[in-house]
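Structural overview
The primary structure of each chain is shown beneath.
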Amino acid sequence: MTDRIVPLSSRPAWKALQQRAESIRPQQLRELFKSDPTRGTRFNAEACGLFLDYSKNRITDETLKLLIDLAKQSGLREHTEAMFTGQKINTTENRAVLHVALRAPKSESIKVDGEDVVPEVHKVLDKMSAFADKIRSGAWLGYTDKPIKNIINIGIGGSDLGPVMAYEALRHYSQRDLTFRFVSNVDGTDFAEATRDLDPEETLFLVASKTFTTLETMTNAHSARTWTLAKLKQTEAIAKHFVALSTNTELVSKFGIDTDNMFGFWDWVGGRYSMDSAIGLSTMIAIGPNNFRAMLEGFHAMDVHFRTTPLEQNLPALLGLLTVWYTDFFDAQTVAILPYEQYLKRFPAYLQQLTMESNGKHVTLDGTPVETQTGPIYWGEPGTNGQHSFYQLIHQGTRLIPADFIGFYKALNPLGRHHDMLMANVFAQAEALAFGKTAEEVRAEGVPEPLVPHKVFEGNRPSNTLLAEKLTPHTLGSLIALYEHSVFTQGVIWSIDSFDQWGVELGKVLATKILGELESPTEPKLDHDTSTTNLINLYRSHK
Ligand code: F6P
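Thresholds, definitions, all that
Residues numbered from 1 in each chain as written. Predicted model: local features only at pLDDT ≥ 70, side-chain atom pairs only at ≥ 80, totals over all residues. Heavy atoms only, no water. Helix = DSSP H or I, 4+ residues; strand = E, 2+ residues; numbered from the N terminus. Buried < 20%, exposed > 50% of the residue type's maximum accessible area, 1.4 Å probe, protein only. Areas by Shrake-Rupley, 256 points an atom, 1.4 Å probe, with all protein chains shown as cover. Lys, Arg positive; Asp, Glu negative; His and termini not counted. Charge placed at Lys NZ, Arg CZ, Asp CG, Glu CD. Near = heavy atom within 4 Å. Polar contact = N/O pair within 3.5 Å; in protein donor to acceptor, adjacent residues only side chain to side chain. 1 Å grid on protein atoms, 1.4 Å probe; cavity = no way out; pocket = protein on both sides within 12 Å on 5 of 7 lines; lining within 4 Å. Sits in = over half its atoms within 2 Å of the grid points. Nonpolar A, V, L, I, M, F, W, Y, C, P; charged D, E, K, R; others polar. Phe/Tyr/Trp six-rings, centres within 6.5 Å; stacked < 30°, edge-to-face > 60°. Lys NZ or Arg CZ within 6 Å of the ring centre and 35° of its normal. Points joined across faces, edges and corners; volume = space filled by probe spheres on them. Core = buried A, V, L, I, M, F, W, Y, C linked by side-chain atoms within 4.5 Å. Contact = heavy atoms within 4.5 Å. Pairing = 2+ DSSP bridges. Axes fitted to C-alpha atoms, helices over the stretch in contact; angles between N-to-C directions. Salt bridge = Lys/Arg side-chain N within 4 Å of Asp/Glu carboxyl O. Right-handed = clockwise from strand over helix to strand, strands pointing away.

Quick look at the overall build of the chain now. The secondary structure content of the chain amounts to 22 helices and 13 strands. Across its three principal axes, the chain shows a C-alpha extent of roughly 75 × 60 × 60 Å. Across the 543 residues that make up the chain, the buried fraction comes to 54%. A total accessible area of about 23700 Å² is found for the chain, and carbon and sulfur atoms account for 53% of it. Here the chain contributes 54 positive and 65 negative side-chain charges, whose respective centroids are spaced 2 Å apart.

Looking at the ligand, there are 14 residues lining it, with Ser 159, Ser 209, Lys 210, Thr 211 and Thr 214 nearest. Contacts to the ligand include Ser 209, whose side-chain N or O atom sits 2.6 Å from an oxygen atom. Between Lys 508 and the ligand, the recorded distance is 3.1 Å, taken from a side-chain N or O atom to an oxygen atom. Out of a free accessible area of 400 Å², the ligand has 87% covered by protein chains. Applying the majority rule of atoms within 2 Å of the grid points places the ligand in the largest pocket. Residues that form the shell around the ligand fall into these classes: two nonpolar, nine polar and three charged.

This part covers the packing of aromatic side chains. One pair of aromatic rings is described through two measures. These are the centre distance and the angle between the planes. Under the counting rule described, the total for this entry stands at 25 aromatic pairs. Judged by centre distance (5.8 Å) and plane angle (75 degrees), the ring pair of Phe 347 and Tyr 483 falls under edge-to-face. In this pair, Phe 347 sits in helix H15 (residues 347-359) while Tyr 483 sits in helix H20 (residues 473-494), placing the two residues 136 residues apart along the sequence. Pair check on accessibility: Phe 347 and Tyr 483 agree, each one buried. The ring of Phe 330 has Arg 25 lying over it, and the distance from NZ or CZ to the ring centre is 5.9 Å. A cation over an aromatic ring shows up here: Arg 225 above the ring of Phe 255, its NZ or CZ 5.7 Å from the ring centre.

Our next topic: the layout of surface pockets. Leftover empty space is mapped by rolling, across the atoms, a probe with the size of a water molecule. Reported here for the largest pocket is a volume of approximately 960 Å³. In terms of lining residues, the largest pocket is bounded by 39 residues, among which Thr 211, Thr 214, Gln 501, Val 504 and Lys 508 are the most central. Residue contributions to the lining of the largest pocket peak at six residues, all from helix H21 (residues 505-519).

To continue, consider the nonpolar core. Of all hydrophobic cores here, the largest spans 123 residues; its most connected members are Trp 268, Ile 285, Trp 325, Phe 347, Leu 476 and Tyr 483. For this core, the element with the most residues is H20, which contributes eleven residues. Excluding anything up to four places from it in sequence, Tyr 483 contacts Leu 319, Ile 337, Phe 347, Leu 351, Leu 354, Asp 404, Ile 406 and Leu 466. Core analysis: the second largest hydrophobic core is formed by 21 residues, Phe 212, Ala 221, Ala 244 and Phe 255 among them.

So, on to the sheet that holds strand S5 (residues 150-154). With parallel pairing, five strands are arranged side by side in an open sheet as S6-S5-S7-S8-S9. On the outer flanks of this sheet lie strand S6 (179-183) and strand S9 (262-264), each paired with one strand and no other. Averaged over all pairs of adjacent strands, the angle between strand axes in this sheet comes to 20 degrees, irrespective of strand direction. Looking at chain direction, S5 and strand S7 (residues 203-208) are connected through five bridges and run parallel.

Attention now goes to empty space enclosed by the protein. All chains considered together, the criterion is met by two cavities of 30 Å³ or more. In this model, the largest cavity occupies a volume close to 110 Å³. When contributions to the lining of the largest cavity are tallied by element, the ones reaching two or more residues are helix H14 (315-329), strand S10 (334-339), strand S12 (403-408) and strand S13 (463-468). Broken down by element, the lining of the largest cavity gets its largest block of residues, five residues, from H14. Classifying every residue of the lining of the largest cavity by side-chain character gives nine nonpolar, seven polar and one charged. Estimated volume of the second largest cavity: approximately 50 Å³. Lining the second largest cavity, in full, are Leu 102, Val 121, Val 124, Leu 125, Met 128, Gly 264, Trp 266, Asp 276, Ser 277 and Ala 278. A per-element tally of the lining of the second largest cavity places helix H6 (residues 118-137) first, with four residues. Tallied by class, residues from the lining of the second largest cavity come to seven nonpolar, two polar and one charged.

Here we take up the pairing of S10. One face of the sheet, then the other: side chains in a regular strand alternate in exactly this way. Across the six residues that make up S10, a large majority, six, are buried. Burial along S10 is two-sided: the residues Thr 334, Ala 336 and Leu 338 and Val 335, Ile 337 and Pro 339 are all buried. With three bridges joining them, S10 and strand S11 (residues 377-379) adopt parallel strand pairing. Residue pairing in the sheet places Val 335 in a bridge with Tyr 378 of S11.

On to the pattern of salt bridges, then. A full pass over the atoms with the stated rule returns 32 salt bridges. Close ionic contact of Lys 88 with Asp 113 constitutes a salt bridge, the shortest N to O distance being 3.0 Å. Of this pair, Lys 88 sits in the loop between helix H5 (76-84) and strand S3 (111-112) while Asp 113 is found in the loop between S3 and strand S4 (115-116), placing the two residues 25 residues apart along the sequence. What makes Lys 88 partly exposed here is its relative accessible area of 32%.

With that out of the way, let us pick up the sheet that holds S11. Pairing is mixed in the open sheet, where six strands are placed in the order S1-S2-S13-S12-S10-S11. Where the open sheet ends on each side, the last strands, each with one partner, are strand S1 (44-47) and S11. Each neighbouring strand pair of the sheet contributes to a mean axis angle of 15 degrees, computed without reference to strand direction. The pairing of S12 with S13 spans six bridges and is classified as parallel. The residue of S13 that forms the bridge with Gly 407 is Leu 467. The strands touched by H15 within the sheet are S10, S11 and S12, with S11 carrying the most contacts at an inclination of about 165 degrees.

Moving on: the pairing of S6. Strand direction decides the pairing type here: S5 and S6, joined by five bridges, are parallel. Bridge assignment links Ile 154 to a residue of S6, and that residue is Val 183. Assessed by its sense of winding, the connection that carries the chain from S5 through helix H7 (residues 161-169) to S6 is right-handed.

As structure tokens, this is what we get:
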């Protein structure tokens, strides 16, 4: 499938990093800061309105240099160019990977199979804008001539997590007389609760599915159809209450959605990289076309930064390389994403799909087993809530959990001292994690001896701090692109395909088979293992 790649362990920088890691592991961040008073202001980088302080990482100048050498020896620049120029870098699916084209300005030209895709991107954006304006102004009328008040996005994975995250993140900018809901789970409760207080006459469904075959989405879409027709009776009503966001024209029209009301995208947009394509229609309706375009500009600014800035100052490259450093040299299993901004409450969940579906891979591009750990587990909650829940383990547990703190200079909802208090916690947590509290310091506070070990904070726990002016559509775009390209950087180092997701297939196939067995009116002949057989029989006898 791909030419044989140079094994990670044979790259000179990797070997050098292995040696460096031995000597860095016992070093304390306290000491590193003491020995270099410029560290806190030197290990910084800034781009697209995002300031990254990565000084509280267990690295030295030499480590950083070796990590950058590793990126070079792994061909990060060449792979980046291959992605931006539409080469088929998703080799297992033989596809280009061009989410960067979704936010390219009209003046750019990006070719896939000899055809410039940028004009098509802008055509869809213009169609989305016209539609969003009609909904927002009340000009789009439902079947009974009532304006649309409720928008329900039906989708799952990338066709849900991006839209939900962006809606929550940019709610401040949203049109408040419109209600937005998101249905993803095939659990009927999701649909029932999303629709229970809504009037079908005022409700528009956006059926979001790249393939238009996903079981959960199609099941929910059919239930939405039934729910709509229960009140509106006539099938012609569907055209006024359903639109599709998809690449699959044939199945969209088979479902009964007028293809005039379809907003398309392309096979070179991965599901988890699609929130800025037509899949973002709910976002555009919520915040308006101008804000949506500002978000795209934020994405594009980070794309340009990633493609052109030297690796030493390149935010996504630095973030990605640091993740490789902890994953492979410190045995870190996870990365905590800790946004101190309530509007980013779904950001960690969004990043879970982006990072884990991309880099949860066990073989390299040439099909040989990887030599090291790959994608770490991403997780998190907004601050300060996490502090009263899981931070104990990050501070005093036995695992190393690198963390990304995300904060803003300005609050979107200024309220008394709230924002200063919120941000004081960002700085305090990162400081406590890095520098901890020694036994001597604990004793000096008069703590009785038996309690001293319990009150010691080892410190030396790494974190990044990302700061921006305030959460705007532009900032959100840049922030997402930062993580997209960090994931890409990691994938290039590990020589994996960050853009396929074969690991989701087996469960889907088995579920389809088992569904038939659960619904079979006669006793099915089961050929599973004894545990699965027993569970199926139990369910059948109780349902
Ligand atoms: O099953 C995983 C997955 O393929 C994701 O990669 C994707 O985002 C999601 O399902 C939904 O796919 P679709 O948009 O085609 O419904």
